[in-house]
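Examining the three-dimensional arrangement
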Amino acid sequence: KGFGGMVSFEPEGGLEAANAFLRKLKVFSLAGSLGDVTSLAEHPATMSHDSMSSDYRRQVGITDELIRLSVGLENVDDLIEDMEQALGRP
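What counts, and where the lines are drawn
- Residues numbered from 1 in each chain as written.
- Predicted model: local features only at pLDDT ≥ 70, side-chain atom pairs only at ≥ 80, totals over all residues.
- Heavy atoms only, no water.
- Phe/Tyr/Trp six-rings, centres within 6.5 Å; stacked < 30°, edge-to-face > 60°.
- Helix = DSSP H or I, 4+ residues; strand = E, 2+ residues; numbered from the N terminus.
- Buried < 20%, exposed > 50% of the residue type's maximum accessible area, 1.4 Å probe, protein only.
- Polar contact = N/O pair within 3.5 Å; in protein donor to acceptor, adjacent residues only side chain to side chain.
- Contact = heavy atoms within 4.5 Å.

Digging into the packing of aromatic side chains
- The full count for this structure, using the stated rule, is 1 aromatic pair.
- Note on phenylalanine 9 and phenylalanine 21: the rings are 5.3 Å apart at their centroids and 90° apart in plane angle, and the pair reads as edge-to-face. Here the residue phenylalanine 9 occupies a position in strand E1 (residues 5-9), and phenylalanine 21 occupies one in helix H1 (residues 14-24), the gap between them amounting to 12 residues. Each member of the pair, phenylalanine 9 together with phenylalanine 21, is buried.

Have a look at this one:
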C-alpha cells in the first residue's frame, strides 16, 4: 500500500498475443517509459529497446512477447479486472 511496483510477463502466443493484450488494456496506459503514479504498460522490443538488434535483445532476456507493467496507485481490483479482460479471461 502506498507505492507502485514493476511486473514483467510473457503471454502465451508470442508477439501477436502481446500486441492484442496491449490493445485491449483500458486502465493501464501504453507508455515508452515507465515510472508514474498511474499504471503503465510497455512493450520493450518495440519501444524502449527498439534500437537493439533482435539477437541482442534475446540474449539479455527481452523477447518479442515480453510486456512490462508499472503498477500505479489505482484500485487493485480495477487493475486486476483490466488485465483479466485484456487476457480474454471472464
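Moving on from the model shown.
A closer look at the side chain of glutamate 42
- Within the secondary structure, glutamate 42 is located in strand E3 (residues 40-42).
- Its relative accessible area of 1% is what places glutamate 42 among the buried residues.
- Within the structure, the side chain of glutamate 42 is placed 2.4 Å from the side chain of serine 48, a separation counted as a polar contact.
- Discounting chain neighbours no more than four positions away, the residues touching glutamate 42 are Leu30, Ala31, Gly32, Leu34, Met47, Ser48, Leu66, Ile67 and Arg68.

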